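Coordinates in review
What follows is each chain in one-letter form.
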Amino acid sequence: MSSENSSADDVQQVWDVVVVGAGPAGASAAYAAAVAGRRVLMLEKAELPRYKTCGGGIIGPSRDSLPPGFELPFRDRVHAVTFSNNGRFTRTRRSKQMLFGLINRPEFDQQLVEHAQKAGAEVRTGVTVQRVEQHGSAVPDRRSVAVVLQGGETLLARAVVGADGSASRIGAHVGVKLDQVDLGLEAEIPVPETVAEDWKGRVLIDWGPIPGSYGWVFPKGDTLTVGVISARGEGAATKRYLEEFIGRLGLAGFDPSISSGHLTRCRADDSPLSRGRVLVCGDAAGLLEPWTREGISFALRSGRLAGEWAVRIAEAHDAVDARRQALNYAFAIKAGLGVEMSVGKRLLTVFERRPGLFHAALTGLRPAWKAFMDITRGSTSLGELVRAHPMAQRALTAMDRRQTPVGDPVPAGDEATS
């Protein structure tokens, strides 16, 4: 901290970066800012570790975004995917290499927080942020942001990162706009060893009966994470889909240890990512892949970028410089994650009309299965796939144009190995 500000900072401690939220996005932001040698405080309203509704799939981009030395607490490693179209035309595809790993979020999130702490970040749990202020009596100068806690305590920061989830108060301050909201329902189902053995190393993805919906089974040792997701506004139908899904899997006789629901929110294209010295990332910014609603890799990647740019904003001496750094952050997000989101949005539009087409492609066409493997392993992304492969671009454009729904695909054989 520079000497010109030391007198003001002596009166009340001023943090370089305050991060609101200790999920993957917040922990990644705190780690990135702390590694840069800044004074970082992370605030979390819950006590850690805490449960989060989430399938817990860790794909390649997530692995690549973790701090050095991070040991993933995998509960299973996936080498096979069973696809079904609303319970029919089931086919399993296998891979010699691991496709992705499965974690329990409480362990994973806790480990990320510990890495941020080791890097020098301080953490306060059980703390609710009511609002942030960038003007007014609580703000001593133009380089400060006031973070007002429930109960009246006020903290000062040179930059703030909002990573407080899909119902974000910091997102509301920034003015985040959302144009896709989905409801995810999930059950954690403990199963006997014989059932667990049948699922080991294999996940199920079922294209659902509601347009744009799908279900999943993710095995985690002696527990199966079973969930479905569809557009908000179809609550009763989504609940019915989950019940029928669990029933036809033969799991209705096992009592879930946890049943939960969660809304995922996807940003509008023109939604802001900053306001003054405040940035948003992860779910708070509405950053997730619109088709699969995969959010962990988006949280880790946007969190790291937010932490890095928050350091630059903390160093900015005036509003013009802070604005320049915030725009650079937005550009970095849009150039990477934004491109993936735009492709994902197009895929969702096609998938809503033609789930059978996706099922036929993934279970019957080698290039489609290879693309699925490459994306989950992290050797390519949705954006790179479309950019680098003219055939993929042409196929997506052709699907965009075709409005007529397709019938169910002809069922293929039971097994395919690649």
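Quick caveat: nothing in here was measured; it's all calculated off a predicted structure.

Details of the sheet that holds strand S3 (residues 57-58)
As summarised here, the arrangement of the three strands in space is S3-S7-S4, forming an open sheet in which the pairing is antiparallel. This sheet does not close on itself; its edge strands, each paired only once, are S3 and strand S4 (76-78).

A look at the pattern of salt bridges
Under the defined criterion, the tally for this structure stands at 18 salt bridges. Measuring nitrogen to oxygen at the nearest pair gives 2.7 Å for the salt bridge that ties Glu 133 to Arg 131. With relative accessibility at 41%, the residue Arg 131 sits in the partly exposed group. Across the pair Lys 239 and Glu 243 runs a salt bridge whose closest N-O atoms are separated by 3.1 Å. Within this pair, Lys 239 and its partner Glu 243 are both found in helix H7 (residues 235-248), separated by four residues, close to a single helical turn. Since its relative accessible area comes to 49%, Lys 239 is described here as partly exposed. One network of salt bridges, in which partners are shared, links Arg 50, Arg 105 and Asp 109.

Looking at the pairing of strand S2 (residues 40-44)
Taking burial as the measure, the five residues of S2 include five buried ones, the bulk of the element. Of the two faces of S2, the one carrying Val 40, Met 42 and Glu 44 and the one carrying Leu 41 and Leu 43 are both buried. Relative to S2, strand S1 (residues 14-20) runs parallel, the two sharing four bridges. Its bridge partner lying in S2, Val 18 is registered against Leu 41. As for the winding sense of the linkage, the β-α-β connection from S1 through helix H2 (residues 24-35) to S2 is right-handed. The pairing of S2 with strand S8 (residues 122-125) spans four bridges and is parallel. Residue Leu 41 lies in a different strand from S8, and its bridge partner there is Glu 122.

Re the environment of Phe 74
Looking at where Phe 74 falls in the secondary structure, it is placed in the loop between helix H3 (60-64) and S4. It is 5.4 Å that separates the C-alpha atoms of Phe 74 and Leu 102, two residues lying 28 residues apart in sequence. Leave out the neighbours within four places in its chain, and Phe 74 touches Ile 58, Arg 63, Met 98, Gly 101, Leu 102 and Ile 103.

Observations concerning the domain arrangement of the protein
Looking at the protein, the domain boundaries give domain 1 (13-73 + 104-180 + 263-400) and domain 2 (181-262). Between the C-alpha centres of domain 1 and domain 2 there is a distance of 26 Å. Taken together, the contacts link 25 residues of domain 1 with 23 residues of domain 2. Buried surface at the junction of domain 1 and domain 2, summed over both partners, amounts to about 2,000 Å²; 57% is from carbon and sulfur atoms. On inspection of domain 1 and its partner domain 2, the count reaches one salt bridge. In this structure, the salt-bridge partner of Arg 293 is Asp 182, at a minimum N-O distance of 3.1 Å. Taken together, the connections running from domain 1 to domain 2 amount to 13 residue pairs in polar contact (both at pLDDT 80 or more). Of all the secondary structure elements, the ones that give two or more residues to the side of domain 1 that touches domain 2 are strand S12 (178-190), strand S16 (258-267), helix H9 (319-353) and helix H10 (355-364).

Considerations on the nonpolar core
Counting 72 residues, the largest nonpolar core has Val 18, Leu 43, Phe 108, Val 147, Val 160 and Tyr 329 as the members making the most contacts within it. Ranked by residue count, the leading element in this core is helix H8 (residues 296-315), at eleven residues. Ignoring anything within four residues of it in the chain, the contact list for Val 18 reads Leu 41, Leu 43, Val 147, Ala 157, Ala 159, Val 160 and Val 161. Counting residues in each nonpolar core, the second largest holds 27 residues, with Ile 59, Leu 102, Leu 382 and Val 386 among its members.

Some thoughts on H10
The α-helix winds at 3.6 residues per turn, so residues separated by three or four positions along the chain end up facing the same way. Those residues of H10 lying buried are Gly 356, Phe 358, His 359, Ala 361, Leu 362 and Thr 363. Residues of H10 that are buried in the fold lie against strand S5 (80-85), strand S6 (88-94), strand S13 (202-207), H9 and helix H11 (366-377).

As for the UniProt feature "domain: FAD-binding" (unreviewed entry) in the protein
Within this structure's numbering, the places UniProt gives as "domain: FAD-binding" (unreviewed entry) are residues 16-179. Secondary structure content for residues 16-179 is 23% helix and 34% strand, while the C-alpha to C-alpha distance between its ends is 33 Å.

With respect to unusual backbone geometry
With an omega of -5°, the peptide bond running from Leu 48 to Pro 49 counts as cis. By the element assignment, Pro 49 lies in the loop between S2 and S3. At Phe 89, a residue that is not glycine, the phi angle is positive and equals roughly 55°. Here Phe 89 shows up in strand S6. A positive phi angle is found at Arg 293, which is not glycine, with a value near 60°. One can find Arg 293 in the loop between strand S18 (278-280) and H8. Relative accessible area serves as the criterion here: at 9%, Arg 293 is assigned to the buried category.

With respect to the packing of aromatic side chains
Scanning the model with the defined rule gives 14 aromatic pairs in all. On the basis of an interplanar angle of 75° and a centroid distance of 5.8 Å, the ring pair of Phe 70 and Phe 108 is categorised as edge-to-face. With Phe 70 in the loop between H3 and S4 and Phe 108 in helix H4 (residues 105-118), this residue pair connects regions lying 38 residues apart in the sequence. One aromatic cluster is present, formed by Phe 83, Trp 207, Tyr 214, Trp 216, Trp 291, Phe 351, Phe 358, Trp 369 and Phe 372 through successive ring pairs. The ring of Trp 199 has Arg 202 sitting right over it, with the charged end atom 4.3 Å from the ring centre.

The rules behind the values
- Residues numbered from 1 in each chain as written.
- Predicted model: local features only at pLDDT ≥ 70, side-chain atom pairs only at ≥ 80, totals over all residues.
- Heavy atoms only, no water.
- Pairing = 2+ DSSP bridges.
- Helix = DSSP H or I, 4+ residues; strand = E, 2+ residues; numbered from the N terminus.
- Salt bridge = Lys/Arg side-chain N within 4 Å of Asp/Glu carboxyl O.
- Buried < 20%, exposed > 50% of the residue type's maximum accessible area, 1.4 Å probe, protein only.
- Right-handed = clockwise from strand over helix to strand, strands pointing away.
- Contact = heavy atoms within 4.5 Å.
- Domains from an automatic or database assignment.
- Buried area = accessible area lost by both parts, 1.4 Å probe.
- Polar contact = N/O pair within 3.5 Å; in protein donor to acceptor, adjacent residues only side chain to side chain.
- Core = buried A, V, L, I, M, F, W, Y, C linked by side-chain atoms within 4.5 Å.
- UniProt positions renumbered as here; feature names shortened; annotations may be inferred.
- Phe/Tyr/Trp six-rings, centres within 6.5 Å; stacked < 30°, edge-to-face > 60°.
- Lys NZ or Arg CZ within 6 Å of the ring centre and 35° of its normal.

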